[in-house]
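Examining the three-dimensional arrangement
Chain by chain, the residues run as shown.
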Amino acid sequence: MPSSVVTPPFDECLILLPSSTLEDFPKDAAVADARNLLAAWTVLWHPRLIAATQQNPAWYRADSPPEPAPRRLVVVPRLSRDRLVESYESRCRATEQCVWLDGHDRAEMLASLGLASSESDTLRSPHRSVGPEDFFSLGYAMLQVQVMTRRLRYTSNLDEIRFQKQLVAAATAYVAGDSAATIDSLHAAFDALAEERDHYFSTDPSLIDLTLLTPSTLPSLVKAWAETTPTVAGELGVETGVETGVETGVETGVETGVLATPTNILLDDAVIAALAQQPDAAWREPLVEQLRSGEIGWAGGGPAADVVFDTMTYRDGERSLKEAHAAAAAAVGIAPQVYGRLAGSTPADLTPSILSLGYVGMMPIDFTGGTGFGDEAKVLRREGGAEIQALTARPIDAANDASFLALAPRLGEMVDSGEVATGLLVHWPGNVCDSYLDLRRLATWSLALGRFWTLGKYFTDGEHPYHHSGGRSQSPEAAEALTAAVTAGVPDPISRLVLRTRASMIAHRDELLRGMYALASGEPRAEPVTASDLARVLGATPVSTPPPATFPTKIHAAQAAIVVNPYASAHRLSVPLAAAAVDDGHLFAASREQSSTVITFDVPAAGFASIRAASGAEGEKMSAGSKSWMPAFLRSQPAQIAVGNSLRNEFMDVTIDPKSGGIQGVYSGTVRGNRLSMRLVIGGQETTLRCDHVTVKDSYASTGSIETAGSILAASGESLATFKLAYTLARGSRLVEVRGEIKPTMKLAGEPWKHYIAARVAVSSSTATTRTILRDKLHRTSGRKIVAPLGIVIDETERETLIASAGLAYHRRVQDTFVDTLVMVDGESSGDFLLHYGFDVPQPVEFAKSVIAPPLVQSIELPLAAGPASPSRGWLMHTAPKDVSVISLESLQRADARLAIRLRVVRTRSTGGTTTLKFCRNVLLATVQTPGLSPDVAIVTAGTDATENPQPSADDKRFALSHDADTVKVTLSGHQLLELLVVLA
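Please read all numbers here as calculations on a predicted model, not as lab measurements.

This next bit is on the overall build of the protein. Each helix and strand in the protein was counted, giving 21 helices and 50 strands. Classification of the 985 residues of the protein by burial places 57% in the buried group. Taking the intrachain contacts of the protein between residues at least 6 apart in sequence as the baseline, contacts between residues at least 24 apart amount to 72%. Carbon together with sulfur atoms contributes 50% to the accessible area of the protein, which is approximately 37,600 Å² in total.

Right, here's the structure in full:
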């Protein structure tokens, strides 16, 4: 039975609101004020007070209160105090049996009334339990539905007489200890509110209760469930001392007639690791079993917080996703259906990889950083040709009563606008407010404010969105990763990323070379290939002497050499031969230098080219000749590339500043004027450069190099650092190489984005667009802090300038025309760096990769085998147009001994269209690689006997691509990545 009432009976209970109407009910307030306001409203719905007054609690404007009267309970929230008429409180307190109620929260107010909650307040029946909390939740529901209808529709259709009759009947039955009558009347009251909401919105909003976790909060999770969700706690073996209550926390209520209010948890990589490391914990197996059965929803599969996708290639980012997904599946026993991570964003262009792992939905929200939510709560995220449902609702803090002041109007506005109305309630274990508990309890009675879902069923059974959102392809927290690393004292925060990027690019190149070996040989290749392997399979005989290298490195000059280029862009190289070269149609230029002939020649995209020394008087090609489109000053080429303080080739004229040691100007292309200047700077202070000397280090017709050395000076003249810079330009190249060595004489300390040493470039246009090279694609960015390990492209409409940073990931825009590439910050031990500046490079993404991992060069024997079987130049795979890149090339052996190639192609720019792939062998079958598709998929050609070679499945047909002879055509949208399976003859 409920405890006896110690407060005097009242004729009326009222609250003075800080608003003129319910339409103006506050929707924003400080945490304490919101808690106090909602407590003041709901405390009056205690069944003892309702039974005493035999009517609904009343509300009045705080600036127009009723006169104090006996047997009246008056609650004045803090927000209403400034609106009260003078001396109103003192008159109320002076009136006999007029009770002035105050308190920080509902528990304090109830204690003041002598109505503090106890276990004896709960009535139990075969159907469900009921207590004062159910009346509080009814009061909260009444407030929210009325505010929603008035704010969105201005009128209410609630049958207030019927509602009051059911409320009073429920309270009276409660006081009498009649649980069945109490439950029946409460159901009728909740149904009245649901009908009121249905009059305007027939759609039930969705509610997601999500508990965030860290390894240290796992034990408190179970404790919180013991306090707020006794059923689940009991199933987990937790000693609660309380009988099974109303909130089951599972999809099907244990008690008849109780709507389910399931909960969800977010298991990020760190929590998954904790689960795996504590197999014997008492709570682990029951918890895991709840997750496996689907009674508790969960999201996971996101990598650890220190994984910053913008510092990784697409392949490395995808590998992190796969590893985290596998770890989650292993720890729980089932794979997660919904992708999520606690800290760190997930760029939109990784959507295809997330979808391929079997997720039905994702939460692209960085809960720690507070980013990733969108304008709509649930959308279809479409990126790179893939589409997945995404929960992008702005998280609602379930520990903050202010979040619940206008929850229903917020959900109603979502319904009104045509989106999938969703409230995402987020909290840490046990850290919730009274309004959150009211919402969960009222949801066990009625769907007036929405239905609670597990995350998996929210995406599979919930309302399907029809609005699309591309999301962000750049991580907002990426720039802060540098600050965090410096603050944590991580050694070499810049150069360690350089090493990782270079290792990744070399591995990427080697994978492409394995695929090229398979294309050339017709046999799959899983193990690494060497330059000798590639030379041999292309019809050449490798020699044991070291391969020739870019001149003027003083090594062996070969009689013949072969170059294999794995990239989807043609490359131009210079190598030394022992004698004059034979022009097989692909030589750009040749020159006699020292004891060798340096040959400059072109290698096709995804192909090879060989050069061989001439026998006798076959001659050599000495010049590429002048081009009519070249600027006049370039049409007459000097005998040497480096002269004085200038480097000049067919595409550019680079002038070195003798005062600063930097680049004074670059003149290139058809547009007149200086395109780029470069100097060293120290962030956070005014500095000048003093160049002590400018030296021509090498000067030949094939290459030139100029070296400068000097100091970086403070405004006072003090030396802050010394530097050496070497500029190299090769014949026929659109790239100028800059190698630097900086030795600071002062300590860099503080915020790394303010205190750094950098190479600063200036471009002529203040309206230039900056594009980052991220995960094999060019993305436009307007941020000042830029993270792009492979570099950035400055687009000036009529021309493009590439900054290929070779792993130097951090760049900063300064004003409108300057870009700094950070070389040293606090904690960096090395000041060595490598940069390439490219001018109108046709395929900047491919060139940015090749400066790290260039094509392979191998010395071969003479004479080179002749005939069609061994041409001097050719391609093994060709892609068009030029903004298409191949990022993986895997060879597979079919059961019928045919060669299958699984490859990934990506559109590097935001424009789409038809893509053409040509192979060195005829294509028997081409299809989009779908999950579970085997390389042994049936091949169907004209005239094939279906009994011997069955037709492919419906899915195989649906994803089949048109092909003719050696050509496959496929349509790629902007930035789309597509995985293909191609079977070759």
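A sheet is described by the order of its strands in space; here four strands give the open sequence 43-46-49-48, paired in antiparallel fashion. Among the strands making up the open sheet, the edge pair consists of strand 43 (877–880) and strand 48 (963–964).

Contact geometry for helix 5 (residues 132–153) and helix 6 (residues 160–175): axes closest at 11 Å, N-to-C directions at 170 degrees. By the angle between their axes, helix 5 is roughly antiparallel relative to helix 6. On helix 6, the residues touching Pro132, Phe135, Leu138, Met142 and Arg150 of helix 5 are Glu160, Phe163, Leu167, Ala170, Ala171 and Tyr174. In terms of residue class, the contact of helix 5 with helix 6 is made up of nine nonpolar, no polar and two charged.

Turning to its location among the elements, asparagine 400 is positioned in the loop between strand 14 (396–397) and helix 14 (407–416). On the accessibility criterion, asparagine 400 (16% relative accessible area) is buried. Dropping the residues within four chain positions of it, asparagine 400 is found in contact with Val31 and Cys433.

This brings us to the packing of aromatic side chains. Counted according to the given criterion, the structure contains seven aromatic pairs. Look at phenylalanine 190 and tryptophan 445: their rings are 5.5 Å apart centre to centre, the planes differ by 15 degrees, and that puts the pair in the stacked class. You can see phenylalanine 190 sitting in helix 7 (residues 179–198) and its partner tryptophan 445 sitting in the loop between helix 15 (434–442) and strand 16 (451–452), a full 255 residues away along the chain. Per residue, the accessibility class of phenylalanine 190 equals that of tryptophan 445, and both read buried. Seen from the ring of tryptophan 445, arginine 128 lies directly overhead, with NZ or CZ sitting 3.7 Å from the centre.

Here we take up the pattern of salt bridges. Under the definition given, this model contains 51 salt bridges. Notably, a salt bridge pairs glutamate 527 with arginine 525, separated by 3.6 Å at the nearest N-O pair. With a shortest N-O distance of 2.9 Å, arginine 894 and aspartate 896 are connected by a salt bridge. Judged by relative accessible area, arginine 894 falls into the buried class, the value being 7%. Aspartate 896 sits in the partly exposed class, given a relative accessible area of 35%.

Reading the values: rules and limits
- Residues numbered from 1 in each chain as written.
- Predicted model: local features only at pLDDT ≥ 70, side-chain atom pairs only at ≥ 80, totals over all residues.
- Heavy atoms only, no water.
- Helix = DSSP H or I, 4+ residues; strand = E, 2+ residues; numbered from the N terminus.
- Buried < 20%, exposed > 50% of the residue type's maximum accessible area, 1.4 Å probe, protein only.
- Contact = heavy atoms within 4.5 Å.
- Areas by Shrake-Rupley, 256 points an atom, 1.4 Å probe, with all protein chains shown as cover.
- Pairing = 2+ DSSP bridges.
- Axes fitted to C-alpha atoms, helices over the stretch in contact; angles between N-to-C directions.
- Parallel < 35°, antiparallel > 145°, perpendicular 65-115°, else oblique.
- Nonpolar A, V, L, I, M, F, W, Y, C, P; charged D, E, K, R; others polar.
- Phe/Tyr/Trp six-rings, centres within 6.5 Å; stacked < 30°, edge-to-face > 60°.
- Lys NZ or Arg CZ within 6 Å of the ring centre and 35° of its normal.
- Salt bridge = Lys/Arg side-chain N within 4 Å of Asp/Glu carboxyl O.

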